[in-house]
Amino acid sequence: MKEELKIRVVKGPDGTTFEVDPMRDYFCEAAPSVHAPAYSKIVENLFNWARSRSIWILGFGTGCGAIEMRPLMTPRFDAYRFGVAWRPTPRQANLLIISGYLSTKTLKRAIRAYEQMQSPKYVLGLGSCTINGGMYWDSYNTIKRLDDYMPVDLYIVGCMPRPEALLQGFEDLKKLIRAGKAEGANQYAENFDWYKANQKRVIHDWDMPDYNW
């Protein structure tokens, strides 16, 4: 375990000493819970419509597909007119895009970022690498199938998909959200033990709590 994660005694500003356990004090130990509809169907439909018009992407480029996302912010494609915007922190975002290949080292960070996002939240797999490993299908340190480790609401195929394909992917994701079918976060909560077992099978330096929110 890393030195900064070990239990230590800290002296406060008033001179009192207390014990700090980073693995317990800095994170919540409660597992994720299912985000069930809280209102009648007509109200929930309104909420889903609003969610579909507010796609806030976490600015975390995990692979080569991140290059394809940059043009979407330019005047030529202007993703903002479709209600798609980029945010700097997980707390502000509701869409995590795994943009291409994903190494086991990056998977660890992607899991932590995804779990810090508030529900309802969505995952979009970008490119062939997230589906079957793509050109890295025989690599020892590249994830072959993303939905074994985190729920994927939509895949966009290609190597790499052009910006137009991403815009179409956003539109397809919006349809799923409006129909109440983008339930990846609930799937993650319901099958949490299965996902966590798969994650730990490939991440050998597991030095973080099981749920990082």
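Residues numbered from 1 in each chain as written. Predicted model: local features only at pLDDT ≥ 70, side-chain atom pairs only at ≥ 80, totals over all residues. Heavy atoms only, no water.

### Looking at the nonpolar core
Core analysis: the biggest nonpolar cluster contains 25 residues, and Leu96, Ile98, Leu107, Tyr114, Val123, Leu146 and Met150 have the highest contact counts within it. Broken down by element, the residue count for this core peaks at five residues, all from helix 4 (residues 104–116). Apart from residues lying up to four places away in sequence, Leu107 is in contact with Leu102, Ile143, Tyr149, Val202 and Ile203. If you look at the next biggest cluster of nonpolar residues, it comprises 21 residues, including Ile55, Ala79, Val84 and Ile156. (Core = buried A, V, L, I, M, F, W, Y, C linked by side-chain atoms within 4.5 Å. Buried < 20%, exposed > 50% of the residue type's maximum accessible area, 1.4 Å probe, protein only. Helix = DSSP H or I, 4+ residues; strand = E, 2+ residues; numbered from the N terminus. Contact = heavy atoms within 4.5 Å.)

### Re the packing of aromatic side chains
In this structure the tally under the stated criterion is seven aromatic pairs. Geometrically, the ring pair formed by Tyr188 and Tyr195 is tilted, given 5.1 Å between the ring centres and 40° between the ring planes. Under the relative-accessibility criterion, Tyr188 is labelled buried at 3%. Judged by centre distance (5.8 Å) and plane angle (90°), the ring pair of Phe192 and Tyr211 falls under edge-to-face. Of the two residues, Phe192 is situated in helix 8 (residues 192–202) and Tyr211 in the segment after helix 8; the sequence distance between them amounts to 19 residues. There is no split in this pair, since Phe192 and Tyr211 are both buried. Of the aromatic side chains, those joined through ring pairs into one cluster are Tyr114, Tyr188, Phe192, Trp194, Tyr195 and Tyr211. Positioned above the aromatic ring of Trp56, the side-chain terminus of Arg87 is 5.1 Å from the ring centre. In this structure, Lys121 packs its charged tip against the face of Tyr114, placed 4.3 Å from the ring centre. (Phe/Tyr/Trp six-rings, centres within 6.5 Å; stacked < 30°, edge-to-face > 60°. Lys NZ or Arg CZ within 6 Å of the ring centre and 35° of its normal.)

### As for unusual backbone geometry
For the peptide bond that leads from Ser119 to Pro120, omega is -5°, which places it in the cis range. The omega angle of the peptide bond from Cys159 to Met160 is -15°, so this bond is cis rather than trans. Positive phi, close to 50°, is recorded for Asp78, a residue that is not glycine.

### Digging into the packing of helix 2 (residues 41–52) against helix 6 (residues 163–178)
Two numbers describe how helix 2 lies on helix 6: the axes approach to 8 Å, and their chain directions differ by 165°. Considering the angle they form, helix 2 stands roughly antiparallel to helix 6. The way helix 2 lies across helix 6 gives a crossing that is right-handed. Between helix 2 and helix 6, the residues in contact are Asn48, Trp49, Arg51 and Ser52 and Lys174, Ile177 and Arg178, respectively. The residue inventory of the contact of helix 2 with helix 6, partitioned by class, reads two nonpolar, two polar and three charged. (Axes fitted to C-alpha atoms, helices over the stretch in contact; angles between N-to-C directions. Parallel < 35°, antiparallel > 145°, perpendicular 65-115°, else oblique. Left-handed = near helix turned anticlockwise from the far one by under 90°. Nonpolar A, V, L, I, M, F, W, Y, C, P; charged D, E, K, R; others polar.)

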